[in-house]
Structure formats: structure tokens, C-alpha cells
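Geometric and topological summary
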Amino acid sequence: MDFEILKQECLACRKCGLCETRTNVVFGMGVPTAEVMFIGEGPGQNEDEQGLPFVGRSGKLLDQYLEAVDLYRDKNIFIANIVKCRPPQNRDPLPEEREACLPWLREQFRIIRPKIVVCLGRIAAQQLIRPDLSVTKEHGQFFEKNGVQFMATLHPAALLRNPRQKPMAFEDFVALREKINQICDHTY
Ligand code: URA
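Conventions used here
Residues numbered from 1 in each chain as written. Predicted model: local features only at pLDDT ≥ 70, side-chain atom pairs only at ≥ 80, totals over all residues. Heavy atoms only, no water. Salt bridge = Lys/Arg side-chain N within 4 Å of Asp/Glu carboxyl O. Helix = DSSP H or I, 4+ residues; strand = E, 2+ residues; numbered from the N terminus. Buried < 20%, exposed > 50% of the residue type's maximum accessible area, 1.4 Å probe, protein only. Near = heavy atom within 4 Å. Polar contact = N/O pair within 3.5 Å; in protein donor to acceptor, adjacent residues only side chain to side chain. Areas by Shrake-Rupley, 256 points an atom, 1.4 Å probe, with all protein chains shown as cover. Nonpolar A, V, L, I, M, F, W, Y, C, P; charged D, E, K, R; others polar. Arc of directions from axis to C-beta. Contact = heavy atoms within 4.5 Å. Pairing = 2+ DSSP bridges. Axes fitted to C-alpha atoms, helices over the stretch in contact; angles between N-to-C directions.

A few words on the pattern of salt bridges. Inspection of the entire model under this criterion finds nine salt bridges. Between arginine 110 and glutamate 107 there is a salt bridge; the shortest N-O distance is 2.8 Å. Pair noted here: arginine 110 and glutamate 107 are both in helix 5 (residues 95–112), with a separation of three residues, about one helical turn. Of the residues examined, arginine 110 reaches a relative accessible area of 44% and is grouped as partly exposed. Measuring nitrogen to oxygen at the nearest pair gives 2.7 Å for the salt bridge that ties aspartate 132 to arginine 130. For aspartate 132, a relative accessible area of 55% gives the class exposed. We classify arginine 130 as partly exposed; its relative accessible area is 29%. Among the ionic contacts, a cluster of salt bridges with common partners joins Glu35, Lys115 and Asp185.

Moving on, we come to the site of the ligand. By nearness alone, every residue bordering the ligand is listed as Gly40, Glu41, Gly42, Glu47, Pro53, Phe54, Ser58, Asn81 and His155. A distance of 2.8 Å is found between an oxygen atom of the ligand and a backbone nitrogen or oxygen belonging to glutamate 41. A distance of 2.9 Å is found between an oxygen atom of the ligand and a side-chain nitrogen or oxygen belonging to histidine 155. When the ligand sits alone it has 240 Å² of accessible area, and the protein chains cover 92% of it. Across the shell around the ligand, the residue classes tally to two nonpolar, five polar and two charged.

All of the buried residues in helix 1 (residues 3–11) are Phe3, Leu6 and Cys10. What you see down the axis of helix 1 is that its buried residues fit within an arc of 60 degrees, all on one side. Lining the buried residues of helix 1 we find strand 3 (77–81) and helix 5. Near the N-terminus of helix 1, the side chain that reaches the backbone nitrogen of glutamate 4, with its oxygen 3.0 Å away, is that of aspartate 2.

On to the sheet that holds strand 5 (residues 142–145), then. Paired through backbone hydrogen bonds, the strands of a sheet run either parallel or antiparallel to each other. Here six strands make up an open sheet; going across it, the order is 1-3-2-4-6-5 and the pairing mixed. Each end of this open sheet is capped by a strand with a single partner; those strands are strand 1 (29–30) and strand 5. Direction of pairing for strand 5 relative to strand 6 (residues 148–153): antiparallel, over a ladder of four bridges. Looking across to strand 6, one finds that glutamate 144 is bridged to glutamine 149. Contacts between helix 5 and the sheet are confined to strand 2 (36–40), strand 3 and strand 4 (116–120), with strand 2 contributing the most and set at about 170 degrees to the helix.

The analysis is restricted to geometry; functional conclusions fall outside its scope.
Here it is, written out as C-alpha cells:
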């Protein structure tokens, strides 16, 4: 299926209760040919209002880390979330909401075919890498699954709450740059 058709279908989704309270579906943004994908948890208030991922304070911080390793949303990556609609009061997405939403992400993976997937925070990491993964202990490590390299790093919102963790996240982006240099063809 074509990426634009997938997007239009996703924007009309009513497969879980979050459709009742959302303002906009946040399908994701970036280039559909990206070799590197970033996956967050779900839209917050700013994202819900604008229909774009990571556009609030944590998004600004994410952009700084991305820029530090020459990654840009409009150039060489794609950013999406586990759930495409905002959970009320920013609560964790419920298991049934994730289950309902995951087919959209699977289709995004199928079309984009990333070589590297970076999970931003616990929810994405436990959903996509391993249910008992500890982001604090295992951030920056690469896990191979079906020929794709997965890595977890700290969620930028966690870094805003706890700035002492920022150097840990920076190391992860440096490791990411090395991995890109090793296995990607056209990211840099
Ligand atoms: N936090 C997320 O996990 N995703 C967003 O899109 C914004 C904030």
C-alpha cells in the first residue's frame, strides 16, 4: 500500500476509544525512505493540537540531539509513536489501545523498511524490543530483530525532568551515529 493512502486511512481511524477525545491523529512525520525511525509513546497536548509528533518541549530537546548527529525530520529520518492519538491526561496508553494501534505502525515499518529503530522511552522499548527491558540499564545497546537493529534511549520528557541523565542520552546518539555509519547507505 502506498504511504499516502496509509496515512489517509490512519487519519480516519476509529479502532479504539482514543478517537473520541483526540483533536488530530498523529500519523508521524519524516521521509518515507528513511533508514532510521524514531518511535515515541504517544501524542501529548501539543502534538494532538498540531497533528505532528514531538512538537512540544520534549520535541525541541529531541531535535537538539538529532541535529548533533546530523539527523533531521525533513531529511533523513521518520518519527512516529506507538499510539497515534493522545491518551487523556497523558496517561500511559492502555494495552487495548496499543493493540488496536500497532497495525498502523507495522504498516509504516513495512513501507519504510528502516534499518535502525530508536525507541524513545520505556513504552516504545518494551513494546518493540522486550517487555521487561530496562531503559535505564539497557539504553544505547543494539538488539537485532528480523534483520533490523533496535535501540532504546531515554525519553526526552524524562531528560527534561532529570537533566542529569542528558549525558547518557548523548552517548546513545553517538552510538547511533556509529551504527548508521556502519550499516546505512544514504542517511549521511
Ligand atoms: N511524547 C511522545 O512520546 N511522543 C510525542 O509525539 C510527543 C511527546
